[in-house]
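Geometric and topological summary
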Amino acid sequence: MIQRLGNPLSILMRLALSLMSPMGQILADEPAVFPDIQRILDAGTIRVAVRARDAAPMIMTDADGSPAGSEPDLARDLAKKFGVEVAFVRTADTYDGVIGVVARQEADIAVSYLSGGMERARYVFFSDPYIRQNGRLVYNRAEFAKLKRDYRIEELRAMSDLPVATELQVGVVEGSVYATNLERDFPRSRLRRFDSLDEMMAAVRSGETFAALHGGLQIDYYLRRNPATAIYIALDPDIRQSSDIRIAVRPDAPNLLRWINLYLADHVGMLDDAEIVRRYLNREQDLP
């Protein structure tokens, strides 16, 4: 049985009445932009926090002093898609410091090779991952050979049970999420914090520091730039700690977070970690 839709004139009248209702008025007028997004549109600029210290290939400094590398490039593209200019805020020396800049609302977002983490998520929002990577443990080959010879261990995790565990120094870059991981996985070893990856890798190479934990992308980049290091340093094949890279968003901007997640989902030009290493490997040679 076919149901009749009614008089066409009646239908038009009901439609006209619906447009006069509050919901109809909202649909008829220009929709309101979310306040946290409107704030950036009104300013014409999105403020992006980036670590002050370089961390190639993610964060570098161009010849004119402007931020370079894969993170500033991503931030510039995001601002372009948003329809505003980008203003970089490079006041924090550490990754934790960058989180603080966003938490204090001194920047709208941070695009700064940032891992998430339960502690950091107390202060800022985090986007979906845009680089998937693992934290990797590097160690001094000669020092590990001594442990294998003297204590007959076959894997690095076993060093926590050795009587010399308290004498073994493990490194981490200051202000990174990996300090918590090292304290958890190697509680008896001495933790040493470094200002940069280069300093930390040099200490592991010399044997001054037995091992170190950092993001796999930057470790891969370092080893490609310094191939002779592989004679002295090895990557542990078993220790892989998930540390995906995300954008940090100020705590009063939930709608900006949603927009960024849509941007990341649709971002055609996004690179994976291996592509980032390849693309930016030679560019650093051109920087001062």
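What you are looking at is a predicted structure, and each value in this text was computed from that prediction instead of being measured.

1. Overview of the pattern of salt bridges
Within this structure, the stated rule accounts for 18 salt bridges. For Glu 208, the salt bridge goes to Arg 192, with nearest N and O atoms at 2.5 Å. On the criterion of sequence distance, the pair formed by Glu 208 in the loop between α8 (197-206) and β10 (211-215) and Arg 192 in strand β9 (residues 190-194) is long-range, its members being 16 residues apart. On the basis of relative accessible area, Glu 208 is assigned to the partly exposed category, the value being 49%. Salt bridges sharing partners connect three or more residues here, namely Arg 39, Arg 47, Asp 108, Arg 250 and Asp 252.

2. Details of helix α3 (residues 35-43)
Taken together, the buried positions of α3 are Asp 36, Ile 37 and Ile 40. Considered in projection along α3, the buried side chains sweep an arc of 105° and stay on one side of the axis. Within α3, the exposed residues directed more than 90 degrees away from the buried face are Pro 35 and Asp 42. Its buried side turned inward, α3 meets β1 (45-49), α4 (70-82) and α10 (254-266). Positive backbone phi, at 75°, marks Gly 44, one or two positions downstream of α3.

3. Details of the packing of α3 against α10
Taken N-terminus to C-terminus, the directions of α3 and α10 make an angle of 80°; their axes are 6 Å apart at the nearest point. Classed by the angle they form, the pair α3 and α10 counts as roughly perpendicular. On the side of α3, the interface is formed by Asp 36, Ile 37 and Ile 40, while α10 contributes Pro 254, Asn 255, Leu 256 and Trp 259. Tallied by class, residues from the contact of α3 with α10 come to five nonpolar, one polar and one charged.

4. Remarks on the packing of α8 against helix α9 (residues 216-225)
At their nearest, the axes of α8 and α9 sit 11 Å apart, and the two run at 65° to each other. As summarised for this structure, α8 and α9 are arranged roughly perpendicular, according to the angle between their axes. Relative to α9, α8 is oriented so that their crossing is right-handed. Counted together, Leu 197, Asp 198, Met 201 and Ala 202 of α8 and Gln 218, Ile 219, Tyr 222, Leu 223 and Arg 225 of α9 form the full contact between these two elements. For the contact of α8 with α9, the per-class residue count stands at six nonpolar, one polar and two charged.

5. Thoughts on the packing of aromatic side chains
Counted by the stated rule, this structure contains four aromatic pairs. Aromatic pair Phe 82 and Trp 259: ring centres 4.7 Å apart, planes at 80°, arrangement edge-to-face. A residue pair is termed long-range when its members are at least 10 positions apart, and Phe 82 in helix α4 and Trp 259 in helix α10 qualify at 177 residues. Accessibility expressed as a relative area gives 9% for Phe 82, which makes it buried. Given a relative accessible area of 24%, Trp 259 falls into the partly exposed group. Their ring planes at 5° and their centres at 5.8 Å tell us that Trp 259 and Tyr 263 sit as a pair that is stacked. Of this pair, Trp 259 and Tyr 263 both sit in helix α10, four residues apart, which is roughly one turn of that helix.

About the cut-offs
Residues numbered from 1 in each chain as written. Predicted model: local features only at pLDDT ≥ 70, side-chain atom pairs only at ≥ 80, totals over all residues. Heavy atoms only, no water. Salt bridge = Lys/Arg side-chain N within 4 Å of Asp/Glu carboxyl O. Helix = DSSP H or I, 4+ residues; strand = E, 2+ residues; numbered from the N terminus. Buried < 20%, exposed > 50% of the residue type's maximum accessible area, 1.4 Å probe, protein only. Arc of directions from axis to C-beta. Contact = heavy atoms within 4.5 Å. Axes fitted to C-alpha atoms, helices over the stretch in contact; angles between N-to-C directions. Parallel < 35°, antiparallel > 145°, perpendicular 65-115°, else oblique. Nonpolar A, V, L, I, M, F, W, Y, C, P; charged D, E, K, R; others polar. Left-handed = near helix turned anticlockwise from the far one by under 90°. Phe/Tyr/Trp six-rings, centres within 6.5 Å; stacked < 30°, edge-to-face > 60°.

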